[in-house]
Amino acid sequence: MANKDVMIEKLRSMLGDDAVCVDDKYGAGVVSAATAPAAKLVEALGVFKDTGFYLETMTALDFQDTQEIVYHLNCFEPMSRMSLRVLVGHGVSVPTASGVFTAADWLEREVREFYGIQFEGHPDPRNLLLPEDADYHPLKKDFGKVHAYRTRDEIYG
Amino acid sequence: MGNTDGSDWVRLIVGLVIVLAFSQLNALFLVWLERKVAGHIQLRPGPKEVGPFGILQTIADGIKLVGKELISPAAADRKLFPIAPILVFMPVLVGFLVLPFSPDLIIRDMNVGVLLIFAFSTFSVLAILAGGWASNNKYALLGAVRSVAQNVAYEIPLLLAVLSVVLMVNSLQFSHIVEAQNRFWFIFLQPVAGIIYLICATAETNRAPFDIPEAESELVAGFHTEYSGMRFGLFFLAEYTNMFIVCAVATSLFFGGWNGPFGFDLNIPGVVWFLVKTYILIFIIMWVRWTFPRLRFDQLMNFSWKVMIPLSLANLMLTALVVKFV
Amino acid sequence: MRSMADQFREPIVERVYTLNLGPQHPSTHGVLRVLLDLDGEFIVKADPVIGYGHRGHEKMGENRTYKQFLPNASRMDYLSGLLYNHGFVLAVEKFAGIEVPERAKYIRTVCAELNRISSHLLWFGTYVMDLGGFTPFLYAFDDREHILDILDRVSGSRLTYSYCRFGGVCQDVDAQFVDTTRSFLKRFRSRYHDYDNLVTKNVIFIHRTRGVGVITVDQARQFGVTGPNLRACGIPYDMRKIEPYEIYDRFDFEIPIGTKGDALDRYRVRLEEMEQSCRIIEQALDRMPGGPFWNEAATFKVRPPKGEIYFGFESARGQTGYYLVSDGTPYPYRCHIRVPSYGNLHVLTEVLRGTMMADAISILGSIDVVIPEIDR
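Here goes a summary of the coordinates provided. None of the values given here were measured: they were computed from a predicted structure.

Calculation criteria
Residues numbered from 1 in each chain as written. Chains lettered and ligands numbered in written order. Predicted model: local features only at pLDDT ≥ 70, side-chain atom pairs only at ≥ 80, totals over all residues. Heavy atoms only, no water. Helix = DSSP H or I, 4+ residues; strand = E, 2+ residues; numbered from the N terminus. Rg over C-alpha atoms; globule rule 2.2 N^0.38 Å. Buried < 20%, exposed > 50% of the residue type's maximum accessible area, 1.4 Å probe, protein only. Contact = heavy atoms within 4.5 Å. Areas by Shrake-Rupley, 256 points an atom, 1.4 Å probe, with all protein chains shown as cover. Lys, Arg positive; Asp, Glu negative; His and termini not counted. Charge placed at Lys NZ, Arg CZ, Asp CG, Glu CD. Pairing = 2+ DSSP bridges. Axes fitted to C-alpha atoms, helices over the stretch in contact; angles between N-to-C directions. Core = buried A, V, L, I, M, F, W, Y, C linked by side-chain atoms within 4.5 Å. Parallel < 35°, antiparallel > 145°, perpendicular 65-115°, else oblique. Left-handed = near helix turned anticlockwise from the far one by under 90°. Salt bridge = Lys/Arg side-chain N within 4 Å of Asp/Glu carboxyl O.

**Topic: the overall build of chain C**
- Within chain C one finds 16 helices and eight strands.
- Whereas a compact globule of 376 residues would reach a radius of gyration of roughly 21 Å, chain C reaches 22 Å, a difference of no more than 12%.
- Principal axes of the C-alpha set define a box for chain C whose edges measure 85 × 50 × 40 Å.
- For chain C, the proportion of its 376 residues judged to be buried stands at 66%.
- Put simply, of all contacts in chain C between residues at least 6 apart along the chain, 72% involve residues at least 24 apart.
- When the accessible surface of chain C is summed, it comes to about 12,900 Å², and 53% of that surface belongs to carbon and sulfur atoms.
- Taking the 46 positively charged and 48 negatively charged side chains of chain C as two groups, their mean positions are separated by 2 Å.

Encoded structure:
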């Protein structure tokens, strides 16, 4: 069984069937997208790591009603990208994943400085790309020139 | 102490003036030569704007350097910082006193000529350390410390190689050594010593692949990071003049000095032979610089202590045995 | 002035000192600052500080239409500008369902592979120059000039391209393009032997790179290292074979891999990749069909449906990804770019520990980071 199928099984058992949607045609570039509550985030990432995945990238999305963190993970086999999404409200903090994947160290620093999402337990919460004394969060939709500010349902509904 | 009458003094003073003039001209020429050689090896022409074939380029650079502001870092050592470049340059000039350009063109044919040159070349190491330390800059200090370690390590096989030649001739006087080569140059009789000498000479003058002390891509500019204007120029003058001296010594010790090959003079004056051979050796050193990457510092030290010194020691012992029993 | 004895009486408290491999340094590629804690010659801790080149591309991505973002794409990693441009165009085409004619696909592949070769050539020149060998730099740049001339003639730019457009390319290529590319390939292949002889077999070079900066597979997985650095560890992971996009599945080429993951392996992998790119270009030139070079029916304002897409492709440095979220308008809602140099630089915090200062330069060079793409 390929890594990705093993992973989908494990995710389904951990998060429930309707939190995981699978798309074998790779339409959106991922073979499956799973939504996890913040409490189970580190556990889910640990399962990914044990199955041989690596953290490709991590980013956040800012909506009017909520913020969402998207993790993209991949392994060294063909067509195996999976995404893991966590919904956090504005001002809610999320446990850090840098204990599981060291790559998350820098990725979380970047998400924190651009979106203001705090990561509990992060060993080194400095700014990565912005100057050290920057106290603004540029990629939030209430900063600077913004073209559109929508709610999550408008895009993913 | 010989007789010092009037003609000796005149000879000394004239010699000094000629030495100073020659070393400046030589440095001028060598800077131009280096840039041309570098250019052509790198598929480009090198300087060609200023003067025919860019010959006057060095003069233009010299004028530029003289006109620059001499910047001293605020926390640099007030006394040592300006003195260090002068200290680097002066010992090198002493070497010209004993070089055998031709049978009657030696300024002072001392009977410890070889010893004099190597004794004074060690001074420049001290001056480099002084310059690096006085700059109050971590990069400069790192460069200076590395330079000292490298120089000390490569002095030893250098001197051992030279000793092999001295053992064969039984004299430290340059004219004797050159006269002993009027049939066969010592490079044929002592090839190992010759090659060891050339490698160590490259290391002594801080040239690539041994140019860690001034490694541009690692330490910005090594021990002369903080120097600007003519002080920087002096470091470079010292390096090129030093290069000339070590190649001239190599010519005298291994390549026959003022003699032609196998004793055939072809009616060319000795001084021309000497200069041609020296400049060919300088060209080879430049060629090596633009071909090879740099050794890492510990590999450099390993190479000296574990390869060069045992080889040169073995060579010396073999020479001693041969000289004694043959 | 204090006496000399006074100066020596101060106790020496720490052996570890901090050296700043500063933003202005001949060997850091782009504006990178590495804070090194050194114990003599050995590095105890390495902390890269980046962000000097942050230009806000992702914020710009939300305020520009997809078409207006095209120039931004190649300016992130300007050394493989055409590859980024190509990748962005592919991502949007997949997202919005735009058809591309066959001829355009072949042209884009040829240009992308040429760009890959030019990026690797620049890396090769600067890497050997960092190690002290000044000459291969100029030879590599000479070859690179030929590539830049070819691409300049066909696209109008030398470094940052907007040649690939949604639905094809903006200008057709003619017979001179094909001829010049073929003659370049022939010349490059003979130069390739020169590089091998001058550098790869050079004893000093091998001493500087063998066993230096070993990245284990585990470290690669922890930090997200991709590209030639990962392939040097022995894993044949190349997006052109793993998730074939465009027409890469029609060509016959290999993925060079190394065994030990040290700097020498990384060097060899990249050198062989250049050769494999030559193979792809040859096959593409042989099989290029005629026909239109641009899909004229493509809409003027690209309007992808609501949703998101993540498109991963292989740039010169590793796996790059465009993550686009669309709300149905011509402006993206979120445009995130996953850059390979991120993980490649991050892994240095672990790899540099315990190495010597001169090795740090060698490792930095062999990783092939371009800082502006991290900074975006």
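**As for the sheet that holds strand β3 (residues 42-49) of chain C**
Residues and elements named next belong to chain C.
- The three strands lie next to each other as β1-β2-β3, forming an open sheet whose pairing is antiparallel. Only two strands of the sheet have a single partner each, and these edge strands are β1 (16-21) and β3. Each adjacent strand pair in this sheet contributes to an overall mean axis angle of 20°, direction not counted.
- Contacts between helix α15 (residues 357-367) and the sheet are confined to β1, β2 (33-39) and β3, with β1 contributing the most and set at about 35° to the helix.

**Considering the environment of B:L25**
Residues and elements named next belong to chain B.
- Relative to the helices and strands, L25 resides in helix α1 (residues 6-41).
- What makes L25 exposed here is its relative accessible area of 55%.
- Each C-alpha atom of the pair L25 and T241 lies 9.9 Å from the other, and the pair is 216 residues apart in sequence.

**Some thoughts on the nonpolar core**
- If you look at the biggest cluster of nonpolar residues, it comprises 163 residues, and the most contacted ones within it are A:L45, A:F48, A:Y71, A:L84 and C:F88.
- Non-local contacts of C:F88, meaning those with residues more than four positions away in its chain, are made with C:Y66, C:F69, C:L70, C:A73, C:F166, C:Y322 and C:L324.
- Membership of the second largest hydrophobic core comes to 79 residues, among which are B:F118, B:V169, B:A201 and B:Y227.

**Quick notes on the packing of α1(B) against helix α11 (residues 270-289) of chain B**
Residue and element names in this part refer to chain B.
- The N-to-C vectors of α1 and α11 enclose an angle of 45°; their axes lie 10 Å apart at closest approach. In terms of their interaxial angle, α1 and α11 are classed as oblique. In terms of crossing hand, the pair formed by α1 and α11 is right-handed. Each of F22, N26, F29, L30, L33, E34, V37 and I41 in α1 lies in contact with α11, whose residues at this interface are L275, Y279, I282, F283, M286, W287 and R289.

**Here's the deal with the pattern of salt bridges**
All names here are of chain C.
- All chains considered together, the criterion is met by 40 salt bridges over all chains.
- In this structure, E113 engages R116 in a salt bridge whose closest nitrogen and oxygen atoms are separated by 3.3 Å. Of this pair, E113 and R116 both sit in helix α5 (residues 102-130), three residues apart, which is roughly one turn of that helix. Taken individually, E113 and R116 each receive the classification buried, so the pair is uniform in this respect.
- Via salt bridges that share partners, E113, R116, R231, D238, R240, E273 and E314 belong to a single interconnected network.

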